[in-house]
Amino acid sequence: MKIGKIISVEYDKFRVRLFHSTKTSTISIDGQVYYFGNIGSYLKTYNTVGDAIVCEVVAVVDYSMDSKIYSEFNLDSSRELVIKPIGTLPTNGKFSMGVGIFPSLYNDVDIVTVEDLNKILTPACKEDNEEKIQHGIHNTINIGYSKSMINYQIALDINGLFNIHTAVIGNSGSGKSNTIAHILQEVYRKNENHAAGAKTIVFDVNGEYPYAFNKKLNSNIKPFFYKPNIGNDFEDSDIKYKKFVLPYYLMTLDEWLAFLMASERTQKPFWDRVLQECYKFYKIFNIENSEDKEVSAEFANYIKWKVRNILLNILSHVESDTTKMTAARGAISKIHEVCEELSSKIEINAQKDLLNYLNACNNLCVVCFGSNNDSLSKSLPSFIKQERTRFVSLVGLRDKNNNITGYKSEIKEEQTNDAFCQIDESKAIQTNNQKLNDGTYFDYNFLKTAVDVVLLEEESNGNVRIREFTSTMLSRLDFFINNPECAFMRDTSYEYINKDDYIEKVFGIKLDEQRSQLITIDSSEVSPDILELLTSVVSRMIFDFRKHLQGGNRRKCPIHLILDEAHRYIKKDAQYILKENIFEKIAREGRKYSLYLLISSQRPSELSSTVLSQCGNYIVHRIQNEVDMKYIYSVLPYFSEDYTSKIKQSIPGEALIFGNCVPMPLQIKVTQADPNPNSENCVINKEWFTINTNLCKGSSIDANYQPIDTNNPE
């Protein structure tokens, strides 16, 4: 039905003068009521080739002006509408955004009917849709109802929504969690095939999504709810939580550096050596089918070789004998402490051998009148075994007054009380050549020992400030070893061979199948840096797994990561602890490997512009912060200024959707999730003024407790 004519054509808007006979802003066609004169309602006009140009009403104007030409066209009404062109609907074709051929002046303006909207918004023809459903394949999910068309349900194209990254943004309380929960509920409640090929992993920062998925899903979908740092699996409000672990040995060197807040240039080589040294100690004490004597002998031989190298470095880097011997004795004393810490693992004879060796080295560091008389340097070569193992003991050197001025070493065939075995250098080098690869298990309990050894090696090489440079990193290491918050990283009760074994057993990710389609990780009780590490390491392992797939396997079993409160670990200023944020890499490259992001944030201005700009779909709830609005405007594609008003004026639950999942931008009221995520606001007056005896249960406060009247204490 025609309601007026075009009286002004501009590139981004048209003016429409209504007919005098158009008395109201509503009309009924075939029982359907259309509110065409409201802001946000749809109208259409035509260009010279007969294509319909679909427009949106952006302004209503009362414009009184006498004009004969308006009277001739029955345009003597004082009402005008300003409409914005959205896209073109050809007579026999598919709707597309934008306008190629513009309308002429005085072209008719019509109502956009439900039939028109069906042509625009239907993602596939009816026959194709029915055929796919017969084979268990769905095209759409229902998201809610149009704000412009009364009772008109909006469906999102599944392929358009999930085959590219998506952003759900809006202020706190605007409805983001409800939108995400409703979308996932719609997917997993499809009857045919039960969404068996889907895999969704939710990083649940606020611990609210398990309440939305704990019941009423398809009976064939079994969600898994993980929570770190819980003693054992437990059940709470019908939600069965499983203990989540993230083994430390699956972290890469860069992830370790990030967690320890180490600098890239100076501390990376140091920590790499620490990890390698830790792995060697673990391998020494983890030799299968070996007696304690053999293990302890290998450890003693390796430590003696290390000490000898440290002493040689000190002799070559330090000038005066007094300084040399002071540094050497300090190193020997520290190694003595290391051996005492590991005494429970070392067999008694090996302990005695090590003690004799360290005492001998210490005695060789004697200084007489500021000189060592080369006692240490001359003895060190004799510590190395040449052919068969012999024993080394010390003989004192005396002056004419019978005072000991130094020591020299002697080789003996038999061991005496103060002698020690010569060093088997080839065996020590063999131990030293064992290398730690990413994802290989090692025992974190050897980390402190490894740190002490590497520090001594660095100091012997002249790096006297190494302890100062690594103090922050070593404090973070103590945090990892001792803090309960890191318990889920230290937990080795579950054995995983490598990262692929881990993601298969924890997340059910395999090449040829999907298990446990819906997984949430409740990280509400971890600190920001642990949160960033947790999300980054898990996502990196999944990305590495997908990246190694070849050919058509890259498109099988897609995975979607839901990132709740994404601004906390995908920051635009790059001040995150990891050198390269894995989510930026997934945003750029994940589509190639069928790994997708759905990010949710209440502070888009703090989000990485790389991640946000790579999204192909945007569900924007209410945003009132001017900084956030300007950032969205600068980053998002095809974002026009009039969207700003729509977003600011939205009420909770309303959202502006644009992108690949819809043919044109739509403002909708999102359907309420059932059940809701645990994100509802507290009703303050109800909580304040309602007597709730349940609050007193299990506490020391009696439900019948009455406060003492201070004016009448009796």
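Given the structure is predicted, the values throughout are model-derived calculations rather than measurements.

Can you walk me through the environment of N483 in this structure?
Among the structural elements, N483 can be located in the loop between α16 (471-482) and α17 (487-490). Here N483 is in contact with D478 and R490, once residues within four sequence places are set aside.

Whenever I open this one, the packing of aromatic side chains confuses me. Can you help?
Both the distance between ring centres and the angle between the ring planes are used here to describe each pair of aromatic rings. A complete count under the given rule lists 36 aromatic pairs for this structure. Judged by centre distance (6.1 Å) and plane angle (80 degrees), the rings of F14 and F102 are edge-to-face. Residue F14 is located in strand β2 (residues 14-18), and its partner F102 is located in the loop between β8 (96-97) and β9 (108-111); the two are separated by 88 residues in the primary sequence. Owing to a relative accessible area of 24%, F102 belongs among the partly exposed residues under this scheme. Their ring planes at 65 degrees and their centres at 5.7 Å tell us that Y357 and F383 sit as a pair that is edge-to-face.

Honestly, the pairing of strand β24 (residues 654-659) in this entry has me stumped. Any pointers?
Where a strand is regular, its side chains alternate between the two sheet faces. Taking burial as the measure, the six residues of β24 include six buried ones, the bulk of the element. Of the two faces of β24, the one lined by E654, L656 and F658 and the one lined by A655, I657 and G659 are each fully buried. Bridging between strand β23 (residues 617-620) and β24 involves four bridges; their strand directions are antiparallel. Across the sheet, the residue bridging to I619 is I657, located in β24. Two strands pair when backbone bridges link them, and β24 and strand β25 (residues 666-670) are joined in this way by four bridges, in the antiparallel orientation.

Help me understand unusual backbone geometry in this model?
Excluding glycine, residues mostly carry a negative phi; peptide bonds, for their part, are mostly trans. Following D674, the chain continues to P675 via a peptide bond in cis, the omega torsion being 0 degrees. Position of P675 among the secondary structure elements: in the loop between β25 and α24 (684-689). In this structure, N229 takes a positive phi of about 60 degrees despite not being glycine. Position of N229 relative to the elements: it lies in the loop between β14 (224-228) and β15 (234-236). The backbone of C557 shows a phi angle near 50 degrees, a positive value even though the residue is not glycine.

Looking at this structure, how should I read the packing of helix α14 (residues 447-460) against α16?
Helix packing geometry: the angle between the two helix axes and the distance between the axes. Relative orientation of the contacting elements α14 and α16 amounts to 165 degrees, with a least axis distance of 11 Å. As the angle between them shows, α14 and α16 are arranged roughly antiparallel. Crossing of α14 against α16: the hand is left-handed. Where α14 approaches α16, its residues L447, K448, V451 and L455 are matched on the opposing element by L474, L477, D478, F480 and I481.

What is the right way to read the side chain of S379 from this model?
Looking at where S379 falls in the secondary structure, it is placed in helix α12 (residues 375-379). Those residues in contact with S379 that lie beyond four places of it in its chain are L364, Y407, K408 and S409.

Which parts of the structure should I look at to understand the confidence of the model for the protein?
Close inspection of predicted coordinates is inappropriate for parts of the model with low pLDDT. Per-residue pLDDT for the protein averages 84, and the proportion of residues at 70 or more is 88%. Mean pLDDT across the secondary structure elements of the protein bottoms out at helix α3 (residues 126-134), with 49, and peaks at strand β21 (residues 559-563), with 96.

I tried to follow empty space enclosed by the protein on my own but got confused; where do I start?
One way to see where empty space is left: roll a probe the size of a water molecule over the atoms. Per the counting criterion, the structure on display carries two cavities of 30 Å³ or more. Reported here for the largest cavity is a volume of approximately 60 Å³. In terms of lining residues, the largest cavity is bounded by V33, Y34, Y35, F36, S41, Y42, I111, V112, S148 and M149. Residue composition of the lining of the largest cavity, grouped by class: eight nonpolar, two polar and no charged. One number sums up the size of the second largest cavity: a volume of about 30 Å³.

For this particular structure, what's the right way to read helix α10 (residues 321-341)?
In an α-helix, one turn spans 3.6 residues, which is why side chains three or four residues apart end up on the same side. Over its 21 residues, α10 runs 30 Å from end to end, which matches the ideal 30 Å to within 8%, given 1.5 Å per residue. Here α10 has its buried residues at D321, K324, M325, A328, A331, I332, I335, V338 and C339. The buried residues of α10 occupy one face: seen down the axis, they fall within an arc of 140 degrees. Opposite the buried face of α10, by more than 90 degrees, sit the exposed residues T326, E340 and E341. Of the surrounding secondary structure, the elements contacted by the buried residues of α10 are α9 (292-317), α11 (348-363), α12 and α14.

How should the environment of W256 be read in this particular structure?
Position of W256 relative to the elements: it lies in helix α7 (residues 253-259). Owing to a relative accessible area of 1%, W256 belongs among the buried residues under this scheme. Measuring from C-alpha to C-alpha, the distance between W256 and L477 comes to 9.8 Å, with 221 residues separating the pair along the chain. Sequence-distant contacts of W256, that is, excluding residues within four places in its chain, are made with Y248, M251, W271, L275, F442, L447 and F480.

Conventions and cut-offs
The residue count restarts for each chain, going from 1 along the sequence in the order it is written. Under the rules for a predicted model, residues below a pLDDT of 70 receive no local features and side-chain atom pairs below 80 are neither given nor counted, while totals for whole chains, interfaces and linings still include all residues. Side-chain measures here rest on the full set of heavy atoms in the structure, leaving out hydrogens and waters. Under the DSSP-based scheme used, a helix requires at least four consecutive residues in state H or I and a strand at least two consecutive residues in state E, with every element numbered from the N terminus. Here, residues are in contact when the closest pair of their heavy atoms is within 4.5 Å. Pairing of aromatic side chains requires ring centres within 6.5 Å, counting the rings of Phe and Tyr and the six-membered ring of Trp. Pairs whose planes differ by under 30 degrees are stacked, by over 60 edge-to-face, and all others tilted. The rule is simple: take the accessible area with a 1.4 Å probe, protein chains only, and divide by the maximum for that residue type; under 20% is buried, over 50% is exposed, in between is partly exposed. By this definition, two strands are paired if DSSP reports at least two bridges between them. Convention adopted: a line fitted to C-alpha atoms gives each axis, helices being fitted over their contacting stretch, and angles between N-to-C directions are expressed from 0 to 180 degrees. For classification, angles of less than 35 degrees are called roughly parallel, those exceeding 145 degrees roughly antiparallel, those between 65 and 115 degrees roughly perpendicular, and all remaining angles oblique. The hand of a helix crossing depends on one turn: near helix anticlockwise from the far one by less than a right angle means left-handed, and clockwise means right-handed. Looking at any residue, its pLDDT shows the predictor's confidence there, from 0 to 100. The definitions used throughout rest on a 1 Å grid laid over the protein atoms alone, on which a cavity is an enclosed set of points accommodating a 1.4 Å probe that cannot get out and a pocket is an open set flanked by protein within 12 Å on both sides along at least five of seven lines; lining residues are those having an atom within 4 Å of a point. Grid points are joined across faces, edges and corners, and a volume is the space filled by probe spheres set on the points. Put simply, Ala, Val, Leu, Ile, Met, Phe, Trp, Tyr, Cys and Pro go in the nonpolar bin, Asp, Glu, Lys and Arg in the charged bin, and everything else, Gly too, in the polar bin. To estimate how far a helix should extend, the number of its residues minus one is multiplied by 1.5 Å. Here, the arc refers to the directions that run from the helix axis to the C-beta atoms.

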